[in-house]
Amino acid sequence: MKNNNQKNKDINIKTIWKAFRSEKGRKLSFVIFYIFFFIFLFIFFRTNTSNNTTPNNKELETSLPFVTSTLEKNDYTFKYIVNSNSNELLYLVNKKSNSIIVNDDTGTFEYTYKNGVLTTNDLKKVIHSELLSIYELKRIIKSSKLVSETKLNETNEYLYTYKIMNSDLSNILLDTITNGDKENEIIVKTNSNKEIKEINLDLINYEKEINNDLSSFNITIIMGE
């Protein structure tokens, strides 16, 4: 019985092998190969399309209601004003390619992007120099909650009001904050094309965790000055 089974197996294998070696068999093998090949391609491209769609959808979901691409692609100038307890520090800033050139009443100093982070070799430092970067500003705003959007009918400008928790802000600015539950306010002003004109960051609740003597702390960024 075993011999008959083994004989049948040998016959079947030899028969199949001869069938595939024949002209018709070779044609059939090519057809089978291409069928499986196109099935593989279909699955491959379907998977890649799905993977590529997900980040794009997420980007749309987390996109800002105003334009930042102009500032990311082009050079521009702005004022960077720090107000604390009625004391004002004014910086005139020029973003050129990968450099941020800062001027104040003491002179000129420069920040450059290294691995996506603004760094400087100058001893003089700008308070919260991270905010000189549009990319860090975007991170902060995306970590905030949009509270209101207001259109100014007379000028067709827009005001966007955000709230950000101390805990979220400290994660970005890398400070140690004990009370993370307090909120800070950010107001973004744009023109009629929703391009940024001004950003106002009222960070008193955050700064008081670092310096309790403060009664006010505000950073204003005015574009194109």
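Residues numbered from 1 in each chain as written. Predicted model: local features only at pLDDT ≥ 70, side-chain atom pairs only at ≥ 80, totals over all residues. Heavy atoms only, no water.

So, the overall build of the protein
Part 1: Looking only at helices and strands, the protein has six helices and ten strands in total.
Part 2: Each of the 225 residues in the protein was classed as buried or not, and the buried ones make up 30%.
Part 3: A fraction of 45% describes how many contacts in the protein between residues 6 or more apart in sequence connect residues 24 or more apart.
Part 4: Carbon and sulfur atoms make up 52% of the accessible area of the protein, which totals about 15000 Å². (Helix = DSSP H or I, 4+ residues; strand = E, 2+ residues; numbered from the N terminus. Buried < 20%, exposed > 50% of the residue type's maximum accessible area, 1.4 Å probe, protein only. Contact = heavy atoms within 4.5 Å. Areas by Shrake-Rupley, 256 points an atom, 1.4 Å probe, with all protein chains shown as cover.)

Quick look at the pattern of salt bridges
Part 1: All chains considered together, the criterion is met by six salt bridges.
Part 2: Close ionic contact of Glu136 with Arg139 constitutes a salt bridge, the shortest N to O distance being 3.1 Å. Taken together, the residues Glu136 and Arg139, both in helix α4 (residues 134–142) and three residues apart, mark about one turn of the helix.
Part 3: Residue classification places Glu136 among the buried residues on the basis of a relative accessible area of 16%.
Part 4: Residue Arg139 is classed as partly exposed on the basis of its relative accessible area of 42%.
Part 5: Notably, a salt bridge pairs Glu185 with Lys163, separated by 3.3 Å at the nearest N-O pair. With Glu185 in strand β8 (residues 183–190) and Lys163 in strand β7 (residues 157–165), the pair connects residues that are 22 residues apart, well separated along the chain.
Part 6: Since its relative accessible area comes to 27%, Glu185 is described here as partly exposed. (Salt bridge = Lys/Arg side-chain N within 4 Å of Asp/Glu carboxyl O.)

Side note on the nonpolar core
Part 1: In terms of nonpolar packing, the biggest core is built from 43 residues, with Tyr80, Val102, Leu132, Val188, Ile219 and Ile221 touching the most fellow members.
Part 2: Excluding anything up to four places from it in sequence, Ile221 contacts Phe78, Lys79, Tyr80, Leu131, Leu137, Lys197, Glu198, Ile199 and Leu201. (Core = buried A, V, L, I, M, F, W, Y, C linked by side-chain atoms within 4.5 Å.)

Examining the environment of Ile221
Part 1: Relative to the helices and strands, Ile221 is located in strand β10 (residues 217–223).
Part 2: Separated by 25 residues in the primary sequence, Ile221 and Ile196 place their C-alpha atoms 9.8 Å from one another.

So, the environment of Lys73
Part 1: Counting through the fold element by element, Lys73 comes out in helix α3 (residues 69–73).
Part 2: With 24 residues separating them along the chain, Lys73 and Ser97 place their C-alpha atoms 8.5 Å apart.

Observations regarding the side chain of Asp104
Part 1: Secondary-structure assignment places Asp104 in strand β3 (residues 99–104).
Part 2: When its relative accessible area of 15% is taken as the criterion, Asp104 is described as buried.
Part 3: Within the structure, the side chain of Asp104 is placed 2.6 Å from the side chain of Thr106, a separation counted as a polar contact.
Part 4: Leaving out residues up to four positions away in the same chain, Asp104 has contacts with Leu90, Tyr91, Phe109 and Lys124. (Polar contact = N/O pair within 3.5 Å; in protein donor to acceptor, adjacent residues only side chain to side chain.)

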